[in-house]
Amino acid sequence: MRKRRLLLLALLIGYASTAWSQTRVSGVVTDDQNTAIPGVSILVQGTSTGTVTDFDGNYALEVQGSDAVLVFSSIGFHSQNVPVGTRSTINISMEPDVTSLEEVVVIGYGQVEKKDVTGAIASVESKDIVRANPVQAAKAIQGQAAGVIVTKQNSRPGAGYNINIRGLSSIDYSNEPLVVIDGVMGGDINALNPADIQSMDILKDASSTAIYGSRGANGVIIITTKRGTTGKPVVSYNGYVGVKTPNHLPDMMNAQQFYKASVTDNELNGGTSRPFTSTEIDLVESGKSTNWLDEISGPAMQTNHSISVGGGSGTTNYHFSAGYLGEGGNLKHTEFQRYNIKGSMDSKVNDFLKVGFTANYSFAKQQMGSNEALRSAYRARPTGVAHYDDILNPDENQDFEWNGYAAWMGINDKQVLNPLMEIHPDNFQDETRSNTFFGNAYLELTPIEGLSIKSAISASVDNSRFGQFRGTMTKDRKTTLLPRSFRQTDDISNYTLDNIITYKKGLGDHDIMITGAQSSFFERNEEMDSYVDEIPYNSLWYAYGTGRPASLDTRLTERSLLSYMGRVIYGYKSKYILTLTSRWDGASQLSEGNKWDFFPSAAVAWRLGEEDFINSIEAISDMKLRVSYGLVGNSSVSPYSTQARLVNTAYDFGGSEAFGFAPANLADRNLKWEKSKELNIGLDMGFIKNRIGASLEVYSRKTVDLIYNEQIPTSSGFSSVTTNVGEVANRGIELSLNTVNIASTKFKWTTSINFARNVNEILSIGNDGIQADIATGLFVGHPLKAHYDYEFDGIWQLDEADQAAEYDQVPGSVKVVDQNGDGMISSNEDIDDRTIIGSEQPDWTMGMTNKFTYGNFDFSFLIYTSQGATYRNSMLSGTMGEIGAGRYNALNLNYWTVNNPSNEYYGPGIANNPFRGAVFYQDASFVRISDITLGYTLPGTALDKYGFSNFRMYVQISNPFVFHDFDGMDPEFNSSTYNDGIPSSTYLFGLNVSF
């Protein structure tokens, strides 16, 4: 028995020593030039055992068993799996992965490899769009592309974004870029489901946009949606659910602070206060306060669900998706809903014929509640009460009850109605419904190798209905008038027919691609506005026959554009690339003889990284120098601007009222194209095996013959005329930097930074040497959207009483700079102490995204900043800045009193305060933490077990922190609280699943 036990023990020891025997493996990792590669990750497949190479490419690690496999991986190189076998020394030569250089970039009427790009183009990929979880696709661009400024229009659910590329050029007309969605020009970016987007390529310089002629004058955003790929069907689900909570709200006065400012400090400063009712006094003395913003707001749900299926055979690929978005508003009775359906198919009929289509339909419903309620909530005195039963003496202020609410809140003032009544859907509703369809179908022939002939038709239809109902119990109807209703319908349809021929050929060291195209565009816009008064019951905007018609207006506008274009891209030895582009555009809305113009551009690129004198520098992985110059036009003037229109007018005809027609405007029969000339110099660089990538752009753009509503003497019978006058320049620098900071076995950290500075300057505003047009805010040598006013210089203090009296002011009033030092503050034609005190355009913007992965966990956050913009604060310049007036609530500011000698804001009760408006101008710079995301992806073994190809769960916080010195609202846009919502943060839990 004992011998058997010893034998068994010997066998077990032998088995264990065999199973757990370890082999030390070492070696050197080099590239295809036999240069050592530091930081290469070596992992024993199926385990967590691994190491990285040192600076000289050396590595060493222990492996268990001869069947072990080593996985070598590094940024910029193809991964390799190497069996160990019986070897103890394994040297590896890794092949460069040039996928990043071969990445395809859409350039308009075609595409090229990234290495062959000659213009200034920025790209946002699907992974970054999905990571951001934007409600509107435009939000995904913010902070991601240098020189592209994206600002939200307001905080209401479903609100869109304004996009500006490289500064402002047009004065009176749109500076928005052209959006091209799967070939559909002028597509509605807000109608897209962001989960359907594969990439967004942003064309910034004139050379890149010249192929689009007049339509690309303000830059171009080309959106490519997801399409099917050959292989088995892949079903994907992307969704999240979360909550929006009010955040970053302005600090308003409570009841006690309001009473102190309006009565105590007002009288202390020598002013006269307004009376307060017994209800208000009781609230103040009891230490209570009414927060009206809290009364009409609260958390709201936000959810999004998208499902798609895509796949294909060798000849036909398909992709179909459907999505739903629900965004609740933080104001009661507000929300945004959007439904999306998208389909695309590409089919190779035979060796020379390919056909395909893309169709996208969206239905959206935006319910905005009352556009007055929010402003009323900020204005309403915190000393009032919400419910009628809380009023001590209703007769004191002639109050009355509606559904339990106190109409005048127990306050002896009739300027603000109870916000809870304003926001109630029985009293106020504001709704927009829109149906949007856009699609593209194409037929492509390739009769011979390298030759492509393609015809495509794109169509877009956008039908929307806006309805607004204002009931009796609203400020507008004064609680006594019958309801009124407004209805507006817009039917916009357009089509574009493109015929494109492309020829590509390579001959030894020479590569050439020639593109010729013809494009026809037509748009029709029908509008109808109707307004009905004295509606007998709450029928919203549907039973107009029951009310009194107040106004009816219909409009029809049509415009068309015919274009011919050509482009040649020539490359020599893959080092030197030349791009020549030309386009002829004819626009219907311009005058006879000026409808057509020619827009050429040229660009060259030198791939320095392919030259021996750069190749010999070990630290440099790649380098390319680009130079471009181009001319683009803008014809965005409204149709019929060159024609004199008629307007209905009343006149006296023999003592009786009669109606006739009179000219509505002056017409410029010589109205022509607005043109922009742009020079762009770019340098693309890669360092340390492309672990550091950088792109630098320097540009100068000059826009001439601005289409502008020029002010003219009223003696002409008109106040303005649309004509070509003036010049504007934009000069700037852009820097994009992408770095792989750490890339180890299990941990990776990457950073993307983009920086942009643009200097905008008006060069001319007329042909007669005018240097300033104060009425329209245009000043030669200064930027568009400049502020011209008195310069704030603090608050007059008690020890400055004599000096203040010289300017007819008193301590506690706003001090402004006497620019010419003459002892007077003047604003007449000869002597003017007003000056330029900033512009709404920022000095510079920057975005930084950091991404971390550890094992199967990922973490990322985006920081976005805008610096140097100045706003005339709409909350301060409105009633919320009237501290101590007593009628409306105000921001809780550090104001001046005889006991608090603040130098920040004027004091309540100060009589002589003529320049108080100077204090309203504030720096609108901010730093925003845009989103923070933490995710976990199931490992491969778990995916195989449950049949998934991908399974990722995550949590995200959007807009958690904003740092600024702007009083009131979020400084990204200058809210006046009317037609606005509440700033918020969003907390989400989401899933990305594929199988």
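Remember, it's a predicted structure, so these values are computed and weren't measured experimentally.

Engineer: Whenever I open this one, the overall build of the protein confuses me. Can you help?
Structural biologist: Secondary structure summary: the protein contains 13 helices and 52 strands in total. In summary, the protein has a C-alpha radius of gyration of 33 Å against a globular reference of 30 Å for 995 residues, a match within 12%. Taken along its principal axes, the extent of the C-alpha atoms in the protein is 115 × 90 × 65 Å. Out of the 995 residues in the protein, the part that is buried amounts to 51%. Taking the contacts inside the protein whose residues are at least 6 apart along the sequence as the reference set, 68% of them involve residues at least 24 apart. In the form shown here, the protein has an accessible surface area of approximately 44100 Å², with 54% of it arising from carbon and sulfur atoms. The distance from the centre of the 79 positive side-chain charges to the centre of the 111 negative ones in the protein is 10 Å.

Engineer: Would you mind going over the pairing of strand 47 (residues 857-867) with me for this structure?
Structural biologist: Residues in a regular strand project their side chains so that they alternate between the two faces of the sheet. Where strand 46 (residues 844-854) and strand 47 come together, 11 bridges link them in antiparallel fashion. Note on strand 47: the bridge partner recorded for T853 is D858. Adjacent in sequence and paired antiparallel, strand 46 and strand 47 are bridged by two residues, among which G855 carries a positive phi angle near 60 degrees.

Engineer: What am I meant to see in the sheet that holds strand 2 (residues 41-44) here?
Structural biologist: Paired through their backbone hydrogen bonds, the strands of a sheet run either parallel or antiparallel. Overall, antiparallel pairing links the four strands, which are arranged 3-2-5-6 in an open sheet. Across the chains shown, the open sheet's two edge strands, defined by having one partner strand only, are strand 3 (50-52) and strand 6 (80-83). Adjacent strand axes in the sheet meet at a mean angle of 20 degrees, parallel and antiparallel pairs treated alike. Looking at chain direction, strand 5 (residues 69-73) and strand 6 are connected through four bridges and run antiparallel.

Engineer: What is the right way to read the sheet that holds strand 7 (residues 92-93) from this model?
Structural biologist: The sheet built from three strands is open, its strands ordered 4-1-7 with mixed pairing. Each edge of the open sheet carries a strand with a single partner, namely strand 4 (58-64) and strand 7. Pairing between strand 1 (residues 22-30) and strand 4: seven bridges, direction antiparallel. In the strand pairing of strand 4, V28 is matched with N58.

Engineer: How do you make sense of the nonpolar core when you look at a structure like this?
Structural biologist: A general tendency of soluble globular proteins is for nonpolar side chains to be buried together. Of all hydrophobic cores here, the largest spans 55 residues; its most connected members are Y378, I883 and Y905. Breaking this core down by element, the ones donating at least two residues are helix 5 (255-268), helix 7 (292-296), helix 8 (373-379), helix 9 (419-422), strand 44 (814-816) and helix 12 (874-877). It is helix 8 that contributes the most residues to this core, four residues altogether. Setting aside anything within four residues of it in sequence, one finds Y905 in contact with I795, L876, G881, I883, L893, N894, Y895, W896, V919 and F920. By size, the runner-up hydrophobic cluster in this structure holds 25 residues, among which are V124, V150, I181 and I223.

Engineer: Whenever I open this one, the packing of aromatic side chains confuses me. Can you help?
Structural biologist: To describe a pair of aromatic rings, you give the distance between the ring centres and the angle between the ring planes. Here the structure, examined in full by the defined rule, presents 33 aromatic pairs. A centroid spacing of 6.0 Å and a plane angle of 35 degrees characterise the contact between F852 and F859, whose relative ring orientation is tilted. A network of ring pairs unites the aromatic residues F747, W749, F852, F859 and F861 as a single cluster. Here the basic side chain of R379 rests over the ring of Y888, its NZ or CZ set 5.1 Å away from the ring centre. When the ring centre of W796 is taken as reference, the NZ or CZ atom of K815 above it lies at 4.7 Å.

Engineer: Teacher, can you tell me more about unusual backbone geometry here?
Structural biologist: Backbone geometry follows two general trends: most residues other than glycine have a negative phi, and most peptide bonds adopt the trans configuration. Positioned with a positive phi, K478 is a non-glycine residue whose angle comes to about 60 degrees. With respect to the element layout, K478 can be found in the loop between strand 25 (451-470) and strand 26 (484-507). On the basis of relative accessible area, K478 is assigned to the exposed category, the value being 55%. The phi dihedral of S574 is positive, around 55 degrees, even though this residue is not glycine. With respect to the helices and strands, the residue S574 is situated in the loop between strand 28 (548-572) and strand 29 (576-587).

Engineer: Teacher, can you tell me more about the pattern of salt bridges here?
Structural biologist: Note on pairing: side chains with opposite charge can pair once their charged atoms come close. All chains considered together, the criterion is met by 42 salt bridges. Between K244 and E327 there is a salt bridge; the shortest N-O distance is 3.1 Å. In this pair, K244 sits in strand 17 (residues 231-246) while E327 sits in strand 19 (residues 316-328), placing the two residues 83 residues apart along the sequence. Under the relative-accessibility criterion, K244 is labelled buried at 3%. Overall, E327 belongs to the buried group, its relative accessible area being 5%. Here R928 ties to D970 by a salt bridge, and the two come within 3.0 Å at their closest N and O atoms. In this pair, R928 sits in strand 50 (residues 926-937) while D970 sits in the loop between strand 51 (950-964) and strand 52 (984-994), placing the two residues 42 residues apart along the sequence. Neither R928 nor D970 differs from the other in exposure class; each is buried.

How each quantity is defined
Residue positions are given per chain, counting from 1 as you read along its sequence in written order. Thresholds applied to this predicted model are a pLDDT of at least 70 for local features of residues and 80 or more for the giving and counting of side-chain atom pairs; totals over whole chains, interfaces and linings are not thresholded and use all residues. The side-chain values count all of the structure's non-hydrogen atoms but skip hydrogen atoms and water molecules. Here a strand is any run of E in DSSP of at least two residues, a helix any run of H or I of at least four, and the numbering for each starts at the N terminus. With C-alpha atoms as the basis for the radius of gyration, the globule rule is written as 2.2 Å multiplied by the number of residues raised to the power 0.38. Under the scheme applied here, a residue whose accessible area is under 20% of the maximum for its type counts as buried, over 50% as exposed, and between as partly exposed, the area being computed with a 1.4 Å probe on protein chains only. Contact criterion: two residues are considered in contact whenever any of their non-hydrogen atoms come within 4.5 Å of each other. Values of accessible area rely on a 1.4 Å probe in the Shrake-Rupley scheme; residue burial ignores everything except the protein chains shown. Only four residue types enter the tally: Lys and Arg on the positive side, Asp and Glu on the negative side, with His and both chain ends excluded. To locate a charge, take atom NZ for lysine, CZ for arginine, CG for aspartate or CD for glutamate. Following DSSP output, two strands are said to pair if at least two bridges run between them. Axes here refer to lines fitted to C-alpha atoms; in helices the fit is confined to the stretch in contact. Angles between the N-to-C directions go from 0 to 180 degrees. Here the nonpolar core consists of buried residues drawn from Ala, Val, Leu, Ile, Met, Phe, Trp, Tyr and Cys, with membership extended through side-chain atoms lying within 4.5 Å. Two rings from Phe, Tyr or Trp (for Trp, the six-membered ring) form a pair when their centres are within 6.5 Å of each other. A pair whose planes differ by under 30 degrees is stacked, one over 60 is edge-to-face, and the rest are tilted. Whether a charge sits over a ring comes down to the Lys NZ or Arg CZ being within 6 Å of the ring centre and within 35 degrees of the ring normal. When a carboxyl oxygen of Asp or Glu is within 4 Å of a side-chain nitrogen of Lys or Arg, the pair counts as a salt bridge.

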